[in-house]
Amino acid sequence: MTDFTLTNARIVLETEVLTGTLRVEGGMIKDVSTGGTSVAGAVDVEGDLVIPGLIELHTDNLERHIEPRPKVDWPHQAAILAHDAELASVGITTVFDAMRAGSIHRQKGDAGYHKYARSLSHELMHLRDLGALKISHFLHLRAEVCSETLEEELAEFGPEDRVGLVSLMDHTPGQRQFRDLSKLKDYVQKKRGMTDAEFDDHVNHLYELRDTFGARHEAVAVAEAKRLGAVLASHDDTTAEHVEVSRRHGVRVAEFPTTIEAAQACKLHGIAAMMGAPNLIRGGSHSGNVAAHDLAERGLLDIVSSDYVPSALMSSAILLADLWDDLPRAIATVSANPAKAVGLSDRGRIAPELHADLVRIARIEGTPVVRGVWSHGRQVG
């Protein structure tokens, strides 16, 4: 059913919350009006909030379903469908599925990893073409500068692949996300079971890769984003100098700036700053970097990403609504702002002639509870 009416709703618009009725025809928002609690055939949502469908720009959730444990390769179709259903269930109606591009072939100390993005994206788009997916999927290629094969892996994608984001990922140890090597060591050793000697060898190899390929890979990723028609994102900018380089590259989204200095520079240059919902909810970064809450209080937070906990996206928006005492502004961080950042003008807001990507939520003891999700007017959750 793509024609329906929701009434007795608190509808979150761009700058206000309107109590009234929302009508959908042919999967598109037809109109929004005040009043109308007794509209014939309408669904009475009993005063619940109706917000735009959430837009997720950076999530590792698909990778988690593909590899639920280290070295466990789960059947891909089942993993993709489970990932899609999970996102729909928490109100996400558009997702940019993050996939790594760039591999390290050597396996010493289990530090290597092989290509997967091209084949997995084919499987994802095949399920989309079959109509098996509940929500809208785009690709987010994470261009790993410290790798051996970034150039050839990016070359395998074309404009037809719905690559919406390309992010520059420089995971050279000792800078950006992992300025504190002890944090990197904890993360890698727990994930890969490395010994101290294997970790040291892994770090040295990453230094070698950065020295050998770094500058070329960075230039290639910038050029490939343009070829693919994708928005370019930076990752873990730490200094004003990092942000200046991002600006010169044409970056429009800064994923997870690690310091207030970097976030302020993003603001200065008109680059949208995105932070992780887990950071916001936990009250700090697991890597020891700047707290998202600190950026929010300073007006330096534009977009929120669920990162590795899909349900955190909705919770973070409600947390921001309480922090700012401004529900429309908070909801925009997970809907209108990400849509604008990646050039999606047909969604992210509740307004006539936009896709009917909608979420009905209530709050129970402060916690948001999803009571209905529609993607292009079709109920998916």
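That block above? That's the structure.
Criteria and cut-off values
Residues numbered from 1 in each chain as written. Predicted model: local features only at pLDDT ≥ 70, side-chain atom pairs only at ≥ 80, totals over all residues. Heavy atoms only, no water. Helix = DSSP H or I, 4+ residues; strand = E, 2+ residues; numbered from the N terminus. Contact = heavy atoms within 4.5 Å. Areas by Shrake-Rupley, 256 points an atom, 1.4 Å probe, with all protein chains shown as cover. Core = buried A, V, L, I, M, F, W, Y, C linked by side-chain atoms within 4.5 Å. Buried < 20%, exposed > 50% of the residue type's maximum accessible area, 1.4 Å probe, protein only. Salt bridge = Lys/Arg side-chain N within 4 Å of Asp/Glu carboxyl O. Expected span 1.5 Å × (residues − 1). Phe/Tyr/Trp six-rings, centres within 6.5 Å; stacked < 30°, edge-to-face > 60°. 1 Å grid on protein atoms, 1.4 Å probe; cavity = no way out; pocket = protein on both sides within 12 Å on 5 of 7 lines; lining within 4 Å. Points joined across faces, edges and corners; volume = space filled by probe spheres on them. Nonpolar A, V, L, I, M, F, W, Y, C, P; charged D, E, K, R; others polar. Pairing = 2+ DSSP bridges.

What to know about the overall build of the protein chain
Counting its secondary structure elements, the protein chain contains 13 helices and 16 strands. Considering only residue pairs separated by 6 or more positions, the protein chain has 67% of its internal contacts joining residues 24 or more positions apart. Of the roughly 15700 Å² that the protein chain leaves accessible, carbon and sulfur atoms contribute 50%.

Some thoughts on the nonpolar core
If you look at the biggest cluster of nonpolar residues, it comprises 37 residues, and the most contacted ones within it are Ile51, Ile92 and Leu320. Of all the secondary structure elements, the ones that give two or more residues to this core are β5 (49-52), α2 (76-89), β7 (92-101), α9 (277-282), α10 (292-297), α11 (312-324), α12 (327-332) and β14 (358-364). Among the elements that take part in this core, α11 stands out by supplying eight residues, more than any other. If you look at the next biggest cluster of nonpolar residues, it comprises 36 residues, including Ala101, Ala117, Val222 and Ile271.

Re the pattern of salt bridges
A complete count under the given rule lists 17 salt bridges for this structure. Of the charged contacts in the structure, one is a salt bridge between aspartate 60 and arginine 142, with a shortest N-O distance of 4.0 Å. Of this pair, aspartate 60 sits in the loop between β6 (54-59) and α1 (61-66) while arginine 142 sits in strand β8 (residues 136-144), and the two are 82 residues apart along the sequence. Residue class for arginine 142 comes out buried when judged on its relative accessible area of 11%. The salt bridge involving arginine 347 is made with aspartate 346; its shortest N-O contact spans 2.9 Å.

Examining α11
When the terminal C-alpha atoms of α11 are compared, their 18 Å separation across 13 residues agrees well with the 18 Å that a helix rising 1.5 Å per residue should span. Among the residues making up α11, those that are buried are Ala312, Leu313, Met314, Ser316, Ala317, Ile318, Leu320, Ala321 and Trp324. Just downstream of α11, aspartate 325 is the residue with a positive phi angle, here 55 degrees.

Digging into the packing of aromatic side chains
Applying the stated rule across the entire model yields two aromatic pairs. An angle of 25 degrees between the planes, with centres 5.5 Å apart, marks the rings of phenylalanine 4 and tryptophan 374 as stacked. Note that phenylalanine 4 is positioned in strand β1 (residues 4-12) and tryptophan 374 in strand β15 (residues 367-375), a separation of 370 residues in sequence. Note on accessibility: phenylalanine 4 and tryptophan 374 belong to one class, buried. Measuring from ring centre to ring centre gives 4.9 Å for phenylalanine 96 and phenylalanine 138, while their planes differ by 15 degrees; the resulting arrangement is stacked. One end of the pair, phenylalanine 96, is in strand β7; the other, phenylalanine 138, is in strand β8, with 42 residues separating them in the sequence.

So, the side chain of serine 234
As for its position among the elements, serine 234 is in strand β10 (residues 231-235). Classification of serine 234 as buried rests on a relative accessible area of 3%. Each residue touching serine 234, except ones within four places of it in the same chain, is listed here: Leu168, Ser246, Val251, Val253, Ala254 and Glu255.

Side note on the environment of histidine 376
Turning to its location among the elements, histidine 376 is positioned in the loop between β15 and β16 (378-379). Judged by relative accessible area, which is 28%, histidine 376 ranks as partly exposed. In the structure, histidine 376 is positioned 18 residues away from leucine 358 in sequence and 8.3 Å away in space, judged by C-alpha atoms. Excluding residues that lie within four positions of it along the chain, histidine 376 makes contacts with Thr2, Gly27, Ser136, Arg347, His355, Ala356 and Asp357.

A look at the layout of surface pockets
Over the atoms, a rolling probe the size of a water molecule traces out where space has been left empty. Here the second largest pocket defines a volume of roughly 210 Å³. In terms of lining, the second largest pocket is formed by 13 residues, of which the most central are Arg128, Leu133, Ile135, Ser136 and His376. With three residues, the single largest contributor to the lining of the second largest pocket is β8. Taken together, the residues that form the lining of the second largest pocket break down as three nonpolar, five polar and five charged.

So, the pairing of strand β2 (residues 17-25)
As paired strands, β1 and β2 are joined by seven bridges and run antiparallel to one another. The residue of β2 that forms the bridge with valine 12 is valine 17. What sits between β1 and β2 in their antiparallel hairpin is a turn of four residues. By the bridge criterion, six bridges tie β2 to strand β3 (residues 28-34) in an arrangement that is antiparallel. Paired with valine 24 across the two strands is isoleucine 29, which belongs to β3. From the end of β2 to the start of β3, which pair antiparallel, there are two residues, and glycine 26 there has a positive phi angle of about 60 degrees.

A few points about unusual backbone geometry
Even without being glycine, aspartate 307 reaches a positive phi, approximately 60 degrees. For aspartate 307, a relative accessible area of 13% puts it in the buried group. Backbone geometry places glutamate 365, a non-glycine residue, at a positive phi of 50 degrees. Along the polypeptide, glutamate 365 turns up in the loop between β14 and β15.

Worth remembering: the numbers are spatial, not functional.
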